[in-house]
Amino acid sequence: MKLIQKLSLISLLLGASSFVTEPSDDNLPTVEVSCNNYEHETKLWNLDLNRNKIKSFGPNTFIGCKNVANLYLDDNQLVTIRQNDFVGLTNLKYLCLRRNKIESIEDGALNFTHLTNLYLDNNQLQQLSDHTFTGMPELTYLSIDNNNLARVGSSFQRLTKLQKISLAWNRIVDLNFTALLQMPELTVIYLRSSGLTSINTEYTPGVTYAVDDLDLAHNGIRQSDLLTRLRNCGNLTKLRLSGNSYDKLDELERIGELLPKLRRISVGFQYTYSEAQSMASKSKRYVDISPNDFPDIMYL
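Conventions adopted
- Residues numbered from 1 in each chain as written.
- Predicted model: local features only at pLDDT ≥ 70, side-chain atom pairs only at ≥ 80, totals over all residues.
- Heavy atoms only, no water.
- Helix = DSSP H or I, 4+ residues; strand = E, 2+ residues; numbered from the N terminus.
- Buried < 20%, exposed > 50% of the residue type's maximum accessible area, 1.4 Å probe, protein only.
- Contact = heavy atoms within 4.5 Å.
- Areas by Shrake-Rupley, 256 points an atom, 1.4 Å probe, with all protein chains shown as cover.
- 1 Å grid on protein atoms, 1.4 Å probe; cavity = no way out; pocket = protein on both sides within 12 Å on 5 of 7 lines; lining within 4 Å.
- Points joined across faces, edges and corners; volume = space filled by probe spheres on them.
- Nonpolar A, V, L, I, M, F, W, Y, C, P; charged D, E, K, R; others polar.
- Salt bridge = Lys/Arg side-chain N within 4 Å of Asp/Glu carboxyl O.
- Core = buried A, V, L, I, M, F, W, Y, C linked by side-chain atoms within 4.5 Å.
- pLDDT = per-residue confidence, 0-100.
- Polar contact = N/O pair within 3.5 Å; in protein donor to acceptor, adjacent residues only side chain to side chain.
- Phe/Tyr/Trp six-rings, centres within 6.5 Å; stacked < 30°, edge-to-face > 60°.

Colleague: Explanation requested: the overall build of the protein chain in the structure shown.
Modeller: Along the backbone of the protein chain there are 6 helices and 14 strands. Within the span of the protein chain, comprising 300 residues, buried residues form 49% of the whole. Pairs at least 24 apart in sequence give 58% of the contacts found in the protein chain among residues at least 6 apart. Total accessible area on the protein chain stands at roughly 13500 Å², and carbon and sulfur atoms take up 46% of it.

Right, here's the structure in full:
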């Protein structure tokens with residue numbers, strides 16, 4: 001059955017709570033879903049359109065789907081997210097757009113008052129405008145791993161309730177790291193292999209940031225005073241630095257002074273076992289010098 005025929009079944013599912021399509025073998029250039037001709041709004045709250053060949057949306061695609069809370073669009077062929085693509089999804093909380101071919105997101109396209117989780121991993125985004133995430137005041141979880149992101153501007157600064165962000169495996173050149181740290185609810189920041197060569201933040205007395213889990217592994221960071229620059233991260237408990245060129249043993253031995261709550265740090269294998277023992281003894285912290293990060297590492 002063609003996807004377009006499957007979607008027409010929504011008219012028969014007004015009392016259902018979940019709708020899932022099977023992977024499509026059809027070459028479908030657009031998807032046309034319209035509930036606005038129905039006497040009652042659809043009661044669907046879970047809409048799974050994963051693993052099809054969706055390239056774009058027709059007009060008023062989601063009008064009448066105001067009860068949908070979870071929308072899955074992974075593994076499709078979307079290239080551009082347009083301003084009116086998601087009109088009608090006024091109560092959306094969970095949006096997955098992983099493994100598409102998304103190159104751009106128009107300003108205003110992601111205007112979701114109640115959205116809490118957004119996944120844009122494995123696409124082809126190169127930059128974000130300053131207004132990409134305007135209109136999502138409740139967002140707490142954002143993942144944009146494995147894109148081609150070079151410029152992100154100030155696009156995250158409006159996400160005042162954001163708790164976790166992952167920008168791993170990109171090539172970012174303009175990240176305002178201080179602005180990221182200053183976000184009041186942000187506790188987890190993953191920037192592994194993100195293209196960073198330095199951290200543009202300075203120590204400010206009397207300031208403590210919320211972040212407690214920071215992954216900076218496998219970048220090109222060479223700053224000799226890196227831990228001093230992170231001193232305002234007084235709540236930090238986990239820090240990953242392996243795969244960089246950071247090799248300041250004396251600063252590492254002062255971890256207890258610079259980052260008093262830090263319990264685990266991964267620095268990679270550029271140190272000998274005896275040096276790691278010295279760091280651990282003097283700092284009274286767990287120091288990992290293996291090629292891999294400590295085993296409880298988790299990604300979004």
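So, next bit.
Colleague: Explain empty space enclosed by the protein here, please?
Modeller: The probe, sized like a water molecule, is rolled over the atoms to show the empty space still left. A complete count under the given rule lists 1 cavity of 30 Å³ or more for this structure. When its volume is computed, the largest cavity comes out at roughly 60 Å³. Taken together, Gly153, Phe156, Gln157, Leu175, Asn176, Ala179, Leu180 and Met183 make up the lining of the largest cavity. Of the residues that constitute the lining of the largest cavity, the class distribution is 5 nonpolar, 3 polar and no charged.

Colleague: Sorry, what's going on with the layout of surface pockets here?
Modeller: Of the volumes computed, that of the largest pocket is approximately 150 Å³. Surrounding the largest pocket, Gln83, Asn84, Phe86, Val87, Gly88, Leu89, Thr90, Gly108, Ala109, Asn111, Phe112 and Thr113 form its lining. A breakdown of the residues in the lining of the largest pocket according to their chemical character gives 5 nonpolar, 7 polar and no charged.

Colleague: Can you help me understand the pattern of salt bridges in this one?
Modeller: Applying the stated criterion across every chain, the model contains 8 salt bridges. Its salt-bridge partner being arginine 229, residue glutamate 202 comes within 3.1 Å of it at the nearest N-O pair. Of the two residues, glutamate 202 is situated in the loop between β10 (188-190) and β11 (213-215) and arginine 229 in helix α3 (residues 226-229); the sequence distance between them amounts to 27 residues. The salt bridge involving aspartate 225 is made with arginine 229; its shortest N-O contact spans 3.0 Å. In the salt-bridge network here, residues are joined through shared partners; they are Glu202, Asp225 and Arg229.

Colleague: Any chance you could explain the nonpolar core here in plain terms?
Modeller: Soluble globular proteins: nonpolar side chains tend toward being buried together. Counting 70 residues, the largest nonpolar core has Phe86, Phe133 and Phe156 as the members making the most contacts within it. When contributions to this core are tallied by element, the ones reaching two or more residues are α2 (177-181), α3 and α5 (255-258). Ranked by residue count, the leading element in this core is α2, at 3 residues. Ignoring sequence-local partners within four residues, the contact set of phenylalanine 156 consists of Leu128, Phe133, Leu142, Ile144, Ile165, Leu167, Leu180 and Met183.

Colleague: What's the story with the environment of arginine 98 in this structure? I'm lost.
Modeller: For arginine 98, the position within the fold is in the loop between β5 (94-96) and β6 (104-105). Residues arginine 98 and asparagine 123, spaced 25 residues apart in sequence, show a C-alpha to C-alpha distance of 6.8 Å. Residue contacts for arginine 98: discarding those within four places in its chain leaves Leu73, Asp74, Asp75, Tyr119, Asp121 and Asn123.

Colleague: I'm lost on the confidence of the model for the protein chain in this one. Help?
Modeller: Segments scoring low in pLDDT should not have their predicted coordinates read at a detailed level. Summing up the model confidence of the protein chain, the mean pLDDT is 82 and the portion of residues at 70 or higher is 74%. Low pLDDT, under 50, characterises residues 32-39; the stretch is placed with 20 contacts to residues that sit more than four places away or in other chains. Confidence drops under a pLDDT of 50 for residues 294-300, and excluding neighbours within four residues, the segment shows 26 contacts in the predicted structure.

Colleague: Please clarify how the side chain of asparagine 170 should be interpreted in this entry.
Modeller: Considering the arrangement of structural elements, one finds asparagine 170 in the loop between β9 (164-166) and α2. Classification of asparagine 170 by relative accessible area gives buried; the value is 8%. At a separation of 3.1 Å, a polar atom in the side chain of asparagine 170 contacts the main-chain carbonyl oxygen of isoleucine 144.

Colleague: Would you take a moment to explain the packing of aromatic side chains for this structure?
Modeller: Two numbers describe a pair of aromatic rings. These are the distance of the centres and the angle of the planes. In the structure shown here, the tally under the stated rule is 8 aromatic pairs. Look at tyrosine 94 and tyrosine 119: their rings are 5.4 Å apart centre to centre, the planes differ by 40 degrees, and that puts the pair in the tilted class. Remark: tyrosine 119 occurs in strand β7 (residues 117-119) and tyrosine 94 occurs in strand β5; sequence separation between them is 25 residues. For tyrosine 94, a relative accessible area of 24% corresponds to the partly exposed category.

Colleague: I keep staring at the environment of asparagine 52 and nothing clicks. Help me out?
Modeller: Checked against the element boundaries, asparagine 52 lands in the loop between β2 (46-48) and β3 (70-72). Among the polar contacts listed, one links the side chain of asparagine 52 to the backbone oxygen of leucine 49, at a separation of 3.2 Å. One polar contact links the side chain of asparagine 52 to the main-chain carbonyl oxygen of asparagine 50, over a distance of 3.0 Å.

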